[in-house]
Amino acid sequence: MSYGTIIVLMGPPGAGKGTQAKRLAAGTGFVHVSTGDLLREAVRNQTPLGQESKAIMDRGELVPDALVSELVAEKLASGTPRGGILLDGYPRTLAQAEFLEGIRGPRPMAIGIEVDEEEVVRRLSGRRTCAGCDKIYNVYFSPPPQGACEECGCGEMVQRDDDKEEVIRQRLKVYRNQTAPLIDFYRDLGRYVAVDGSKRIDAVTAELEAALQERVG
Ligand code: AP5
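So, how was this worked out
- Residues numbered from 1 in each chain as written.
- Predicted model: local features only at pLDDT ≥ 70, side-chain atom pairs only at ≥ 80, totals over all residues.
- Heavy atoms only, no water.
- Pairing = 2+ DSSP bridges.
- Helix = DSSP H or I, 4+ residues; strand = E, 2+ residues; numbered from the N terminus.
- Axes fitted to C-alpha atoms, helices over the stretch in contact; angles between N-to-C directions.
- Contact = heavy atoms within 4.5 Å.
- Disulfide = S-S within 2.5 Å.
- Buried < 20%, exposed > 50% of the residue type's maximum accessible area, 1.4 Å probe, protein only.

**Some points on the sheet that holds strand E5 (residues 85-88)**
Item 1. The parallel open sheet is built from five strands, whose spatial order is E3-E5-E2-E6-E10. Each having just a single partner strand, strand E3 (31-34) and strand E10 (192-196) make up the two edges of the open sheet. The average angle at which neighbouring strand axes cross in this sheet is 25°, direction not considered.
Item 2. Of the strand pairs in this sheet, strand E2 (residues 6-10) and strand E6 (residues 109-114) are connected by four bridges, and their pairing is parallel. For leucine 9, the partnering residue across the bridge sits in E6 and is isoleucine 111.

Structure, rendered in structure tokens:
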């Protein structure tokens, strides 16, 4: 088994976790693991996990801890990649954070992407994802050039079922009540650093790279 660093990317829905994790993974040896992406894949494939999770996700609530932690445990069963792992969307509750603490290897470090709520509502209502390769776009901030994906050329952009305004508000409420307390959890352990997620995408990437460099080397 090998044990690379685990970086927990935190931040409210729409903070830019997925966007930034993809960029960081492309520029470093880190592997991006998103529990949201894994759950959406399970929904698409209509697995038992997907069938159980779909309605919960559509309401903007959290899938039960045991199910999500099992998914992460499966991913980490053979250790963590030497280059390290970027966990996006996990942990989201105290029970999940404690589960992660129980996994062998170096202790996880948390980086929080901080953005205010009105900005994330705007970002999420404008988010579109390429149906071909999952690249993330935004109709307001970063539309696909000439309507086609610059990575794979696909012309089909989809909007997530949970990106309707009332569901976005519910996801933010869940974040405030259940996930934001993890900032203090990691801060108390001396393992939390924040970056300003309200800047432009490139500037946030640069801040994250600097934070990674400082913490991981
Ligand atoms: P998940 O997929 O993890 O959703 P989320 O945390 O709500 O985060 P998002 O994916 O919505 O946002 P993001 O921060 O990745 O932002 P993005 O980069 O796309 O989870 C979905 C659901 O699955 C949950 O609600 C829950 O039901 C379930 N689930 C997942 N994990 C779970 C767990 N651990 N436990 C229980 N249940 C779980 O960016 C958003 C938009 O903004 C994009 O359009 C992007 O282009 C744009 N943008 C990004 N950065 C910038 C910037 N700097 N400036 C301008 N625009 C920007």
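**Let's talk about the side chain of serine 69**
Item 1. Here serine 69 is to be found in helix H4 (residues 65-76).
Item 2. With sequence-adjacent residues up to four places away left out, serine 69 is seen in contact with Tyr90, Gln96 and Phe99.

**Points about the state of the cysteines**
Note: disulfide means a covalent bond formed between the sulfur atoms of two cysteine side chains.
Item 1. Throughout the structure, instances matching the rule amount to zero disulfides.
Item 2. No disulfide involves cysteine 154; its sulfur sits 4.1 Å from that of cysteine 130, the nearest cysteine.
Item 3. Residue classification places cysteine 154 among the buried positions, given a relative accessible area of 19%.

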